[in-house]
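The lines below spell out each chain.
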Amino acid sequence: MKTLCLFAALSLLPMTQAYAHEAAPSEKVTVLQEQMLKNVPGKKAMMLTVNYAPGQASIAHKHEGTAMAYVLEGAITSQVKGEPAKTYKAGEFWYEAAGSEHLVSKNASASQPAKLLVFMVMGEDEAVLIPLKN
């Protein structure tokens, strides 16, 4: 009987390890609007929301364009390369210059969701987010 129980327990072990290595789902990004800028040829403005589940974080990344972020709900911890990490609460905002490396962007709460409104100005063919290599 002990052998059967041990075998049953060991057969579950690989399944547990597989779940432990699965990546957490990424934040939800919703593009609200995107418009070419008539007064700045080749550039576009984009407005989007970023929803973070409790404890969720974005990968380290950079933006080719300029970004301005405003916390709509909850609290977000953000860190751009060369600056200390800072937690912003609902109603607070920050600016990221084009090409900034965004090392930390995460929900500061393990129990409440958080939501950002982001406004970007970028080149017509530039990517919204470029993952950083470690």
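The name given to the chain in an unreviewed UniProt entry is Cupin domain-containing protein, and the organism recorded there is Pseudomonas beijingensis.

A. Structural view of the nonpolar core. Ranked by internal contacts, the top residues of the largest apolar core, which has 15 residues, are Ile-76, Trp-94, Leu-116, Val-118 and Met-120. Only β2 (43–52), β4 (66–73) and β9 (114–123) provide two or more residues apiece to this core. For this core, the leading source of residues is β9, giving 5 residues.

B. Region of the structure containing the sheet that holds β4. The 5 strands lie next to each other as β1-β2-β9-β4-β7, forming an open sheet whose pairing is antiparallel. Lying at the two open borders of the sheet, with one neighbouring strand each, are β1 (28–36) and β7 (93–96). Mean inter-strand twist for the sheet, computed between neighbouring axes without regard to direction, equals 15°.

C. Focus on the pattern of salt bridges. A full pass over the atoms with the stated rule returns 2 salt bridges. A salt bridge links Lys-44 to Glu-34, with the shortest nitrogen-to-oxygen separation between them at 2.7 Å. On the criterion of sequence distance, the pair formed by Lys-44 in strand β2 and Glu-34 in strand β1 is long-range, its members being 10 residues apart. You can call Lys-44 buried: its relative accessible area is 8%. Between Lys-81 and Glu-101 there is a salt bridge, with its nearest N and O atoms 3.6 Å apart. With Lys-81 in the loop between β5 (75–80) and β6 (86–89) and Glu-101 in strand β8 (residues 101–107), this residue pair connects regions lying 20 residues apart in the sequence. Assessed through its relative accessible area of 26%, Glu-101 is described here as partly exposed.

What counts as what
- The residue numbering used here restarts from 1 in each chain and proceeds along that chain's sequence as written.
- Per-residue local features are limited, in this predicted model, to residues with pLDDT of at least 70; the limit for side-chain atom pairs, both in listing and counting, is 80 or more; totals at the level of whole chains, interfaces and linings are taken over all residues.
- Side-chain metrics rest on all non-hydrogen atoms present in the structure, leaving aside hydrogens and water.
- For this analysis, a nonpolar core means a set of buried residues of the types Ala, Val, Leu, Ile, Met, Phe, Trp, Tyr and Cys, connected via side-chain atoms within 4.5 Å.
- Only protein chains enter the calculation, and the probe is 1.4 Å; a residue is then buried if its accessible area is under 20% of its type maximum, exposed if over 50%, and partly exposed in between.
- Runs of E in the DSSP output that reach at least two residues are strands. Runs of H or I that reach at least four are helices, and both are numbered from the N terminus.
- Here the rule is simple: two strands pair whenever DSSP picks up at least two bridges between them.
- Fitted lines through C-alpha atoms give the axes, limited to the stretch in contact for helices. The angle between two N-to-C directions lies from 0 to 180 degrees.
- Whenever a carboxyl oxygen of Asp or Glu lies within 4 Å of a side-chain nitrogen of Lys or Arg, that contact is scored as a salt bridge.

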